[in-house]
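Structural features, examined
Here is how the chains run, residue by residue.
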Amino acid sequence: MNQAAPAIVADHLTKRYGDQVVVNDLSFSVPRGTIFGFLGPNGSGKSTTIKMLCGLVAPNGGRGSVDGHDVVREGDAVRASIGYMSQQFSLYTELTVEENMEFYGRAYGLSPQRRAQRRQDVIELTGIGPFAKRLAGQLSGGWKQRLALGCALLHEPNVMFLDEPTAGIDPVARRELWDLLFRLAERGVTMFVTTHYMDEAERCSSVGYIYSGDLIALGTLEQLRALPGVRPPGTVRYGVHTEDVMPAFSAARSLPYVTDTTIFGRDLHVVVSADVTPDRLRGDLVKSGCTILSVEQINPSLEDVFVALTRARSSAPAAA
Ligand code: ADP
């Protein structure tokens, strides 16, 4: 196996259902041992992309490879070298943690000796040892997901596909699951993760954003922040911390030098002409009756990036 070759390659991958192009000419590659975040609204083509890369759905055009295997011609080899986990991963709730691992170890065709070894490795990695005898159905959401991840790792896959692995679990459990993903990446496992959480996307080595089947953004966080559509030349972005977020939002939108405004909790992100100082923006918002706690220059967040690119895409004329 060529260790320098990317773990995942999509090369002009395309999928159509009837007249609908659900994945359009998708190209990207994911280096080994990195975490690729794949984002996009529901129905934008994420699952279809995963299914093509796992060799479960045949593309109508383009090609793909996973762990060096062609996803169309070498589907069996692809499936042997990947692990897949989703929010709906089928754990057997009436079986204990250990019994679930035993079941999946057998399903992957591991020898008894190998099963025992891998169960031990996975218990160590996930920290699930204290719950080994507990029924899976009695685990908390976070531990269920860790067990699911552990089961998907039993055959030591080089590449993991994780479809919204943290949907529906609490923030602490989310963080712990991510710590586990980083440990796996350190061991050289490549991860392809879909998520709707921006904080998770920001932790990925690189991200792709798919919108109506088109990959409209691809790169590291720094590369995406620097895109001209996200940081238009001659503008600056301020974070406004305020006690009156809705009135401040309306006031900011009516200022002639403001080109974009978005609410993030109790903050506004406001894009203005580069010659506008923080004091001027603060002064104008205060004049409209808002209490402004601070105004400071900020970098675009990943959410800013996606909002900017999605707005640009929705307002662009449809391609002929
Ligand atoms: P996501 O995972 O981003 O929510 P999907 O890949 O599941 O998106 O779906 C993308 C589009 O493809 C949707 O419009 C969906 O209805 C359509 N689609 C997915 N699978 C099929 C199928 N088997 N037959 C017809 N249309 C499908």
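Placed above this text is the structure.
Residues numbered from 1 in each chain as written. Predicted model: local features only at pLDDT ≥ 70, side-chain atom pairs only at ≥ 80, totals over all residues. Heavy atoms only, no water.

Bringing the overall build of the protein into the picture now. In terms of helices and strands, the protein carries 11 helices and 14 strands. Principal-axis analysis of the C-alpha atoms gives the protein an extent of 75 × 50 × 35 Å. Within the protein, the proportion of its 320 residues that are buried is 50%. Considering only contacts in the protein between residues 6 or more positions apart, those separated by 24 or more positions represent 70%. Taken as a whole, the protein presents about 15200 Å² of accessible surface, with 50% of it coming from carbon and sulfur. In the protein, the 32 positive side-chain charges and the 35 negative ones have mean positions that sit 3 Å from each other. (Helix = DSSP H or I, 4+ residues; strand = E, 2+ residues; numbered from the N terminus. Buried < 20%, exposed > 50% of the residue type's maximum accessible area, 1.4 Å probe, protein only. Contact = heavy atoms within 4.5 Å. Areas by Shrake-Rupley, 256 points an atom, 1.4 Å probe, with all protein chains shown as cover. Lys, Arg positive; Asp, Glu negative; His and termini not counted. Charge placed at Lys NZ, Arg CZ, Asp CG, Glu CD.)

Our next topic: the pairing of strand E2 (residues 20–30). The pairing of strand E1 (residues 8–17) with E2 spans seven bridges and is classified as antiparallel. For Lys15, the partnering residue across the bridge sits in E2 and is Val23. Here E1 folds back onto E2, and the loop between the two strands holds two residues, one of which, Gly18, carries a positive phi near 60°. (Pairing = 2+ DSSP bridges.)

A few words on the site of the ligand. Around the ligand, the neighbouring residues are Tyr17, Gln20, Val22, Pro41, Asn42, Gly43, Ser44, Gly45, Lys46, Ser47 and Thr48. Residue Lys46 places a side-chain N or O atom 2.9 Å away from an oxygen atom belonging to the ligand. Between Thr48 and the ligand, the recorded distance is 2.6 Å, taken from a side-chain N or O atom to an oxygen atom. The fraction of the free accessible surface of the ligand (570 Å²) that becomes covered by protein chains is 61%. Of the residues contributing to the shell around the ligand, the split by class is three nonpolar, seven polar and one charged. (Near = heavy atom within 4 Å. Polar contact = N/O pair within 3.5 Å; in protein donor to acceptor, adjacent residues only side chain to side chain. Nonpolar A, V, L, I, M, F, W, Y, C, P; charged D, E, K, R; others polar.)

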